[in-house]
Amino acid sequence: MNFQGLLGVVIGGAIALASAWVLDWRRQAREARNLAMAFRGEIVALREIVKRRGYLKSLADAIEEIKRTSQPLILHIPVRRQYFNVFDRNVDKIGMLNAPLPELLATFYIQANAALEDMESIREGFFSGDLEPLAGVYESLHALLEDTLSLGEKIISEISRQYS
């Protein structure tokens, strides 16, 4: 094979490799964007559920009532469904997303799970007889929900900034 033929093969191979790399990079970027938008949608929905159902106001009212009456008040916030489907099905893919999203998402969902765990403990009557721990649990849950909602807003903004 002469030099020109060899050069043609090398250039053709380089073009083929570059094309494959560009196509793969675009596919990964599209998948990352779709994943980010799915997380954004799930977090927006969770935020709206908390707001529309008035969980923060119910907790604040319960705290106030306990302090006012010195009587235990058990809130019943039933959680019968799995609300973290996007996270549960894609936790292994959050590394595809640009920083700081993997860290923010992990923190958000751990906090959201802790809030659900607290609600379940309250519903099961774990704190029913003890006034002081119950008020403390409500105050802690209220603060946790506020912080988690704030973190959700940060995630929504970050996803919009990076992927919209």
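Preceding this section is the structure that the text describes.
Described in the following lines is the structure provided in the data block. (Residues numbered from 1 in each chain as written. Predicted model: local features only at pLDDT ≥ 70, side-chain atom pairs only at ≥ 80, totals over all residues. Heavy atoms only, no water.)

Focus on the environment of Ala112
Inspection of the secondary structure puts Ala112 in helix α4 (residues 101-123). Once the C-alpha coordinates of Ala112 and Leu145 are considered, the two residues, 33 residues apart in sequence, prove to be 7.5 Å apart. Those residues in contact with Ala112, other than ones at most four positions away along the chain, are Phe84 and Thr148. (Helix = DSSP H or I, 4+ residues; strand = E, 2+ residues; numbered from the N terminus. Contact = heavy atoms within 4.5 Å.)

Quick notes on the nonpolar core
With 21 residues, the main nonpolar core has Phe39, Leu97, Leu105, Tyr109 and Ile155 as its most contacted residues. Looking at this core, the elements with two or more residues in it are α1 (3-52), α4 and α5 (131-163). In this structure, Tyr109 is in contact with Phe39, Glu42, Ile43, Leu46, Phe84 and Phe87, ignoring residues within four places of it in sequence. (Core = buried A, V, L, I, M, F, W, Y, C linked by side-chain atoms within 4.5 Å. Buried < 20%, exposed > 50% of the residue type's maximum accessible area, 1.4 Å probe, protein only.)

Examining the pattern of salt bridges
Applying the stated criterion across every chain yields a total of 8 salt bridges. Put simply, Glu48 and Arg47 hold a salt bridge, and the shortest N to O gap is 3.3 Å. A relative accessible area of 26% means that Glu48 is categorised as partly exposed. Taking the relative accessible area as the measure of exposure, Arg47 reaches 17% and is therefore buried. A salt bridge links Arg47 to Glu153; its shortest N-O distance comes to 2.8 Å. Highlighted residues: Arg47 in helix α1 and Glu153 in helix α5, separated in sequence by 106 residues. Classification of Glu153 by relative accessible area gives partly exposed; the value is 31%. What you see here is one network of salt bridges that share partners, running through Arg47, Glu48, Arg52 and Glu153. (Salt bridge = Lys/Arg side-chain N within 4 Å of Asp/Glu carboxyl O.)

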